[in-house]
Amino acid sequence: MGRRVLVALAGATALVLIPSPAAAQYLDPGASSVIVQVIIAGLVGVAAVVRLYWSRIKAFIASRRRPSTGVPTDQQDR
Amino acid sequence: MPGRIASSFRDPSGHVYEIGGRIFRTVREPGRLDFEFVRGTGYLESKVRSGQVLQAHVVPNETLADVAPDACYVLEHPRLEFVSHPYEWSFGGLRAAALLTLDLHREALQHDVSMSDASAYNVQFDGPHPVLIDYLSFRRYHDGELWAGHRQFCEQFLYPLLFTAHTGVPFNAMLRSHLSGIAASDLLALLPPLRRLSPSVLLHVGLPARVSRARSRSTASAAEHLSHTKLPKTALLRMLEAMHRWVGSLRPRGQRTAWQTYADVNSYSEGERGEKARFVADFVATTRPRTLWDLGCNTGDYSKVALEAGAGRVIGFETDQSALDAAFQRAEREKLRFLPLYQDVLNPSPDQGWRQGERKGLQARAEADAVLVLALIHHIAIANNVPLVEVVDWAVSLAPSGVIEFVPKEDPMAAALLALRKDIFPDYTRETFLAAMSERATITGSREITGTGRLLVTFRRK
């Protein structure tokens with residue numbers, strides 16, 4: 001994975017989050033830790049959205065499959 | 001700084017002092033509001049009651065007026081009997097300390113309290129139970145803040161555990177050289193290639209290693225920009241939970257070693273072993289040591305004997321990682337006040353860190369009331385060529401009284417050490433041993449416990 005990809009990925013996940021002032025700490029969290037946490041926040045956010053809409057996604061997938069099962073076709077009518 | 005403990009300098013919120021054998025912690029202005037907030041939640045009191053956080057009570061500021069006139073509050077902690085360092089812990093010990101740190105952080109968040117760091121040096125052990133000692137790690141949680149201690153947690157807990165879990169090599173030597181912890185890039189280079197591909201390793205090791213290697217201005221400015229991003233509390237909790245599951249699932253890779261099975265294959269008969277245990281128990285019952293050191297404790301057989309005979313607590317030392325881990329598990333399982341630690345007596349923990357005062361070496365912490373040196377001196381004298389008189393001198397220097405076992409060359413275990421080499425130890429005899437002992441201590445009792453002439457001696461230092 002290239003550096004640009006990493007930064008872009010972190011940036012993209014940050015879009016779903018709201019900016020806030022950094023808390024004053026005596027430890028330097030390090031650039032890598034900040035990026036990892038922002039990605040994790042993004043993943044958790046995506047997972048939450050998926051969970052929220054899971055029933056709709058399932059219904060959507062089921063509706064896409066339905067035409068091939070159970071319903072009589074023109075061919076069977078003949 | 002007079003009285004200030006040498007390792008207490010990183011956090012401006014407060015410092016730790018040792019005055020007249022008592023331990024105090026100051027809360028300074030930068031940490032005052034956080035301290036007052038955390039105190040108001042009652043969270044720490046509940047954790048003190050459950051034994052997960054070290055006790056502390058507020059004492060008058062005048063107690064430290066001479067050395068810390070700027071203190072907003074002064075707390076007093078009970079003095080720890082023995083301070084151990086993370087690079088001396090067993091795999092199970094480091095894992096238990098990691099899980100405690102995550103548990104405390106998760107529970108704290110329910111009270112809007114967070115932890116400002118995740119240093120392994122903030123954890124000490126009471127027997128096999130980890131206890132957090134740093135009150136000032138707890139701060140008010142600000143909605144959306146990042147986990148400031150994430151990198152520290154990874155470097156001081158997660159990476160050493162992953163290293164041993166995936167390579168089978170003990171983390172101790174590496175952690176002893178790198179006091180701030182193992183770097184992500186070092187760990188990544190050492191992990192087997194397939195292990196690098198797991199999603200968790202990619203995220204928590206691969207990515208940080210990659211970013212730290214990049215060190216470019218664009219990465220730094222991206223990180224700076226992102227550091228203003230809110231991490232929702234649910235995301236922080238999920239991260240802590242996921243980390244907890246991951247750390248809890250780690251086991252040291254590798255096989256049982258010779259030492260772990262030593263108790264079954266040594267040169268004693270059942271009756272001789274019982275006699276040795278009785279001798280140790282009699283010594284402990286007579287001397288009643290509050291703290292006893294068991295050098296070369298193996299899986300802790302005689303540590304347990306000593307505890308049952310009335311020793312207050314036992315600190316065991318062992319080099320074999322598997323035996324050490326078995327000993328730690330035994331202490332947990334059997335609820336023994338026994339802490340087995342990694343220590344190579346031929347190269348014990350040195351004074352190290354900032355100005356070589358930050359982390360004390362083993363000798364500087366030798367405050368035991370008694371010591372057990374069982375089935376060990378032939379390994380030091382024969383396998384490592386240390387003159388017998390020096391071995392005795394060292395053993396007697398560790399505590400005012402103890403039990404030492406002399407293993408003669410005729411014993412099968414000692415004979416095995418000489419099987420492939422020339423015997424260059426004409427002075428390795430029972431007579432030299434007893435003469436060296438008598439010069440430094442009063443021999444208060446002795447018993448020959450095997451047909452091959454293994455000799456147990458109790459001493460009181462002169």
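These numbers were taken from a predicted model, which means no experiment stands behind them. (Residues numbered from 1 in each chain as written. Chains lettered and ligands numbered in written order. Predicted model: local features only at pLDDT ≥ 70, side-chain atom pairs only at ≥ 80, totals over all residues.)

A. Summary view of the overall build of chain B. The helix and strand inventory of chain B stands at 17 helices and 15 strands. Here chain B has a C-alpha radius of gyration of 24 Å; the compact-globule value for 462 residues is 23 Å, and the two agree. Along the first, second and third principal axes, the C-alpha set of chain B runs to 75 × 60 × 40 Å. Considering chain B as a whole, with its 462 residues, one finds that 45% of them fall into the buried category. At a minimum sequence separation of 6, the contacts of chain B that also span at least 24 residues come to 68%. (Helix = DSSP H or I, 4+ residues; strand = E, 2+ residues; numbered from the N terminus. Rg over C-alpha atoms; globule rule 2.2 N^0.38 Å. Buried ≥ 20, exposed ≤ 12 C-beta atoms within 10 Å, placed from the backbone. Contact = placed C-beta atoms within 7 Å.)

B. Highlighting the overall build of chain A. Helix and strand content of chain A: 4 helices and 0 strands. Along the chain direction, N to C, the helices and strands of chain A fall in the order α-α-α-α. Evaluated residue by residue, chain A yields a buried proportion of 23% over its 78 residues.

C. Here's a closer look at helix 1 (residues 29–41) of chain B. Residue and element names in this part refer to chain B. Within helix 1, burial applies to Gly 31, Phe 35 and Val 38. Contact partners of the buried residues in helix 1: strand 2 (22–27), helix 2 (43–49), strand 4 (73–77), strand 5 (113–115) and strand 8 (138–140). Gly 42 sits one or two positions beyond helix 1 and adopts a positive phi of about 75°.

D. Region of interest: the environment of A:Arg65. Mapped onto the elements, A:Arg65 comes out in helix 3 (residues 54–65). In sequence terms A:Arg65 and A:Ser55 are 10 residues apart; their C-alpha atoms lie 15 Å from each other.

E. Broad picture of the pairing of strand 11 (residues 338–342) of chain B. All names here are of chain B. Of all 5 residues in strand 11, 5 are buried, a share of seventy percent or more. Both faces of strand 11 are covered, namely the face carrying Phe 338, Pro 340 and Tyr 342 and the face carrying Leu 339 and Leu 341. Alignment of strand 10 (residues 313–318) against strand 11, held across 5 bridges, turns out to be parallel. Across the sheet, residue Gly 316 finds its bridge partner in strand 11, namely Pro 340. In this fold, the crossover linking strand 10 to strand 11 by way of helix 13 (residues 321–333) has right-handed handedness. (Pairing = 2+ DSSP bridges. Right-handed = clockwise from strand over helix to strand, strands pointing away.)

F. Representation of the sheet that holds strand 1 (residues 16–19) of chain B. Residue and element names in this part refer to chain B. Strand order across the open sheet formed by 4 strands is 1-2-4-3, with antiparallel pairing between neighbours. Either end of the sheet is taken by a strand with one partner, and the two such strands are strand 1 and strand 3 (57–59). Shown here is a sheet whose adjacent strand axes are inclined to one another by a mean of 40°, direction ignored. As judged from the 5 bridges shared by strand 2 and strand 4, these two strands associate in the antiparallel manner. Along strand 4, the bridge assignment pairs Ile 23 with His 77. (Axes fitted to C-alpha atoms, helices over the stretch in contact; angles between N-to-C directions.)

G. How the structure looks around the nonpolar core. All names here are of chain B. Core analysis: the biggest nonpolar cluster contains 137 residues, and Ala 306 and Leu 372 have the highest contact counts within it. Here this core gets 9 residues from one element, more than from any other, and that element is helix 4 (residues 150–167). Those residues in contact with Leu 372, other than ones at most four positions away along the chain, are Val 280, Leu 292, Asp 294, Leu 295, Tyr 302, Ala 306, Gly 402 and Val 403. (Core = buried A, V, L, I, M, F, W, Y, C linked by C-beta atoms within 7 Å.)

H. Expanded view of the packing of helix 11 (residues 270–287) of chain B against helix 12 (residues 301–308) of chain B. Residue and element names in this part refer to chain B. Packing of helix 11 against helix 12 leaves a shortest axis separation of 8 Å and a crossing angle of 40°. Viewed along their axes, helix 11 and helix 12 adopt a mutual orientation that is oblique. The element helix 11 and its partner helix 12 pack so that their crossing is right-handed. Mapping the contact onto sequence places Ala 277, Val 280, Ala 281 and Val 284 in helix 11 and Tyr 302, Val 305 and Ala 306 in helix 12. (Parallel < 35°, antiparallel > 145°, perpendicular 65-115°, else oblique. Left-handed = near helix turned anticlockwise from the far one by under 90°.)

I. Representation of the domain arrangement of chain B within the structure. Annotation of chain B at the domain level lists domain 1 (16–77), domain 2 (86–249) and domain 3 (262–461). When each unit is reduced to the centre of its C-alpha atoms, the spacing between domain 1 of chain B and domain 3 of chain B is 39 Å. (Domains from an automatic or database assignment.)

J. Up close: the sheet that holds strand 12 (residues 370–373) of chain B. All names here are of chain B. With mixed pairing, the 7 strands of this open sheet are ordered in space as 11-10-9-12-13-15-14. The open sheet has two free edges, formed respectively by strand 11 and strand 14 (441–448), since each of these has just one partner strand. Here the strands of the sheet are splayed against their neighbours by 20° on average, with no regard to which way each runs. Of the strand pairs in this sheet, strand 9 (residues 291–295) and strand 12 are connected by 4 bridges, and their pairing is parallel. Residue Leu 295 lies in a different strand from strand 12, and its bridge partner there is Val 373. Across the sheet, helix 12 touches strand 9, strand 10, strand 11 and strand 12, and the angle it forms with strand 10 is around 170°.

K. Molecular detail of the packing of helix 2 (residues 31–52) of chain A against helix 9 (residues 233–249) of chain B. Direction vectors running N to C along helix 2 of chain A and helix 9 of chain B enclose 105°, while the axes themselves pass 9 Å from each other. By the criterion of interaxial angle, the relationship of helix 2 of chain A to helix 9 of chain B is roughly perpendicular. Contact with helix 2 of chain A, carried on its side by A:Ile40, A:Ala41 and A:Val44, involves B:Thr234, B:Ala235, B:Arg238 and B:Met239 of helix 9 of chain B and no other residues of that element. Considered class by class, the residues forming the contact of helix 2 of chain A with helix 9 of chain B number 5 nonpolar, 1 polar and 1 charged. (Nonpolar A, V, L, I, M, F, W, Y, C, P; charged D, E, K, R; others polar.)

L. Looking closely at helix 9 of chain B. The end-to-end C-alpha distance of helix 9 of chain B, which contains 17 residues, comes to 24 Å, matching closely the 24 Å that a straight helix rising 1.5 Å per residue would cover. Among the residues of helix 9 of chain B, those classed as buried are B:Ala235, B:Leu236, B:Met239, B:Leu240, B:Met243 and B:Val247. For helix 9 of chain B, the angular spread of buried residues about the axis comes to 135°, placing them on one side. Projecting away from the buried face of helix 9 of chain B at angles above 90 degrees are the exposed residues B:Thr234, B:Glu241, B:Arg245, B:Gly248 and B:Ser249. In the core, the buried residues of helix 9 of chain B are packed alongside helix 2 of chain A together with helix 3 (91–109) and helix 4 of chain B. (Expected span 1.5 Å × (residues − 1). Arc of directions from axis to C-beta.)

M. Examining unusual backbone geometry more closely. Residues and elements named next belong to chain B. For Arg 288, which is not a glycine, the phi torsion comes out positive at approximately 45°. Summarising the element assignment, Arg 288 is placed in the loop between helix 11 and strand 9. The phi dihedral of Lys 335 falls on the positive side, at around 50°, and the residue is not glycine. Looking at the element boundaries, Lys 335 is found in the loop between helix 13 and strand 11. We classify Lys 335 as exposed; it has 10 C-beta atoms within 10 Å.

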